[in-house]
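# Structural description and commentary
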Amino acid sequence: IITHEYYPVLSGGTIMAEKLAAELSKLGWEVDILTARIGREFPNYERCDGFDVYRFPTARRSTGESSLFELLSYFSLGLPQMLALARKRRYTLLFPIFAIPSGLIGLALSRLLNIPSVVFVDAGDTPGLESTMKNYVRYLAPVFRLVVNHSRAVVVCEGLEDLVAPYLNHRRFTAIPNGTLLPDRKS
């Protein structure tokens, strides 16, 4: 799982990465989360709930919204570090959360190492939506198009299919419900 948002960042992407990694681990998959390192209180490597987290030094300094500079540093500084780890770990599948910037890293690793990459597209990086990245997304639409069309498949958050469709030139996508884990219901 490749994501620029993971602890100490608190976001939907963080929660999704953590829950997905934990559930896949329970099913017997070996899962790594590849993310940016922010601050010194979080280690470069840690084992969590059956999966591994690798935090790579980049220029990211804040736990809030990433600046364009921080996103670019995640790509430019993170990609070579992730490439080295991917060669060592011999991944069989890449799952970037968000097309920009993680999907672009996934696509590069996919091409360099011949590993399939399946990108998750959410509201934050979808052109046409009001989001925290809205100032950048309209300029990055060509990058979005590149990532969604050259990834092996696209997972779309339900309700975004119509916004993503104009950028796709294939039908290799699936929509998943936007949801959360609910506690077991007591009778």
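Residues numbered from 1 in each chain as written. Predicted model: local features only at pLDDT ≥ 70, side-chain atom pairs only at ≥ 80, totals over all residues. Heavy atoms only, no water.

### Structural notes on the nonpolar core
Ranked by internal contacts, the top residues of the largest apolar core, which has 34 residues, are I33, F51, F144 and V154. Counting residues per element, the ones that place at least two in this core are α1 (12-26), β3 (51-57), α3 (99-113), β4 (118-121), α5 (141-150) and β5 (153-157). Ignoring sequence-local partners within four residues, the contact set of V154 consists of V119, V121, V148, L168, H170, R172, F173 and T174. Ranked by size, the runner-up nonpolar core spans 17 residues in total, among them A36, F56, L85 and A108. (Core = buried A, V, L, I, M, F, W, Y, C linked by side-chain atoms within 4.5 Å. Buried < 20%, exposed > 50% of the residue type's maximum accessible area, 1.4 Å probe, protein only. Helix = DSSP H or I, 4+ residues; strand = E, 2+ residues; numbered from the N terminus. Contact = heavy atoms within 4.5 Å.)

### Side note on the sheet that holds β5
Within the open sheet, the 3 strands sit side by side as β4-β5-β6. Their pairing is parallel. Pairing within the sheet leaves two strands with one partner each, and these edge strands are β4 and β6 (173-176). Put simply, the sheet's adjacent strands are angled 20° from each other on average, direction ignored. The sheet contact formed by β4 and β5 spans 4 bridges and is parallel. Across the sheet, F120 pairs through a bridge with V155, a residue of β5. (Pairing = 2+ DSSP bridges. Axes fitted to C-alpha atoms, helices over the stretch in contact; angles between N-to-C directions.)

### Considerations on the packing of aromatic side chains
Tallied over the entire structure, the rule returns 3 aromatic pairs. An angle of 50° between the planes, with centres 5.1 Å apart, marks the rings of Y45 and Y54 as tilted. The class of Y54 is buried, set by a relative accessible area of 15%. A centroid spacing of 5.3 Å and a plane angle of 85° characterise the contact between F144 and Y167, whose relative ring orientation is edge-to-face. With F144 in helix α5 and Y167 in the loop between α6 (161-164) and β6, this pair connects stretches of sequence that are 23 residues apart. Each of the two residues, F144 as well as Y167, counts as buried. (Phe/Tyr/Trp six-rings, centres within 6.5 Å; stacked < 30°, edge-to-face > 60°.)

### Side note on the sheet that holds strand β2 (residues 45-48)
Overall, mixed pairing links the 3 strands, which are arranged β1-β3-β2 in an open sheet. Bordering the open sheet on either side are β1 (32-37) and β2, each of which pairs with just one other strand. Taking the axes of each pair of neighbouring strands and ignoring which way they run, one obtains an average angle of 25° across the sheet. Two elements, β2 and β3, share 4 bridges in a ladder whose sense is antiparallel. Residue C48 lies in a different strand from β3, and its bridge partner there is F51. The sheet strands contacting α1 are β1 and β3, and the helix crosses β3 at an angle near 145°.

### Considering the layout of surface pockets
One number sums up the size of the second largest pocket: a volume of about 450 Å³. Lining of the second largest pocket is provided by 16 residues; of these, W29, E30, V31, T92 and L93 occupy positions nearest its centre. Those elements that place two or more of their residues in the lining of the second largest pocket are α1 and β1. Residues of the lining of the second largest pocket, tallied by class, amount to 11 nonpolar, 1 polar and 4 charged. (1 Å grid on protein atoms, 1.4 Å probe; cavity = no way out; pocket = protein on both sides within 12 Å on 5 of 7 lines; lining within 4 Å. Points joined across faces, edges and corners; volume = space filled by probe spheres on them. Nonpolar A, V, L, I, M, F, W, Y, C, P; charged D, E, K, R; others polar.)

### What to know about α3
Each full turn of the α-helix corresponds to 3.6 residues, which orients residues three or four apart in the same direction. Within α3, 11 of the 15 residues are buried, which leaves the element mostly enclosed by the surrounding structure. All of the buried residues in α3 are A99, I100, P101, S102, G103, I105, G106, L107, A108, L109 and S110. Buried residues belonging to α3 abut α2 (68-89), β4 and α5. Immediately beyond the C-terminal end of α3, within one or two residues, lies N114, with a positive phi of roughly 55°.

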